[in-house]
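Structural features, examined
As a plain string of letters, each chain reads:
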Amino acid sequence: QVQVVESGGDLVQPGGSLRLSCAASGTIFKIHDMRWYRQAPGKQREWVALIDDSGTSNYDDFAKGRFTISRDNDRNMVFLQMNNVQPEDTAVYFCDLDVQTSARTTLRNFWGRGTQVTVSS
């Protein structure tokens with residue numbers, strides 16, 4: 001019903017920047033909260049940032065001041081600008097969306113398959 005695809009992951013040097021994108025397609029009436037998570041090898045998935053439908057954003061402490069989440073409601077997309085990345089930012093980054101598929105339906109949660117970010121010199 002709704003497909004979510006992340007992109008933009010890459011190998012980047014420490015101190016570098018990267019911009020991740022997440023696009024939703026399918027039967028979409030409205031997307032409410034949009035979130036980024038990440039999962040490093042051998043670790044649990046952790047929340048990175050959230051942006052709600054009013055544009056208000058929140059970040060986990062490790063992301064504050066370095067990462068910026070933004071959204072494009074016309075294109076059903078959410079972005080994560082990552083600056084000054086460090087080796088500990090190496091992880092698969094996932095997009096998580098709360099989607100209303102029609103005016104009468106409640107929210108449903110959809111995940112993408114992730115995009116790999118590797119920070120290494």
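Before reading further, recall that the structure is shown in the block above.
All right, on to the side chain of Thr-90 then. Summarising the element assignment, Thr-90 is placed in the loop between strand E8 (77-82) and strand E9 (91-100). Only 2.9 Å separates the side chain of Thr-90 from the backbone oxygen of Pro-87, close enough to count as a polar contact. A polar side-chain atom of Thr-90 sits 2.9 Å from the main-chain amide nitrogen of Val-119.

Turning to the pattern of salt bridges, a few remarks are in order. Two side chains that carry opposite charge are able to pair once their charged atoms sit near each other. Going through the model one piece at a time under the given rule, you end up with nine salt bridges. With a closest N to O distance of 2.9 Å, Arg-38 and Asp-89 form a salt bridge. Remark: Asp-89 occurs in the loop between E8 and E9 and Arg-38 occurs in strand E4 (residues 30-39); sequence separation between them is 51 residues. A residue is classified by how much of its surface remains accessible, and Asp-89, at 1% relative accessible area, is buried. The salt bridge partner of Arg-75 is Asp-72, with a shortest N-O separation of 2.9 Å. Sharing partners across several salt bridges, the network here consists of Asp-33, Arg-35, Asp-96 and Asp-98.

Strand order in the open sheet formed by four strands is E1-E3-E8-E7, and the pairing between neighbours is antiparallel. At either margin of the open sheet sits one strand with a lone partner, and together these are strand E1 (2-7) and strand E7 (67-72). Taking the axes of each pair of neighbouring strands and ignoring which way they run, one obtains an average angle of 15 degrees across the sheet. Across six bridges, the pairing between strand E3 (residues 18-26) and E8 is antiparallel. The residue of E8 that forms the bridge with Arg-19 is Gln-81.

Conventions used here
- Residues numbered from 1 in each chain as written.
- Predicted model: local features only at pLDDT ≥ 70, side-chain atom pairs only at ≥ 80, totals over all residues.
- Heavy atoms only, no water.
- Helix = DSSP H or I, 4+ residues; strand = E, 2+ residues; numbered from the N terminus.
- Polar contact = N/O pair within 3.5 Å; in protein donor to acceptor, adjacent residues only side chain to side chain.
- Salt bridge = Lys/Arg side-chain N within 4 Å of Asp/Glu carboxyl O.
- Buried < 20%, exposed > 50% of the residue type's maximum accessible area, 1.4 Å probe, protein only.
- Pairing = 2+ DSSP bridges.
- Axes fitted to C-alpha atoms, helices over the stretch in contact; angles between N-to-C directions.

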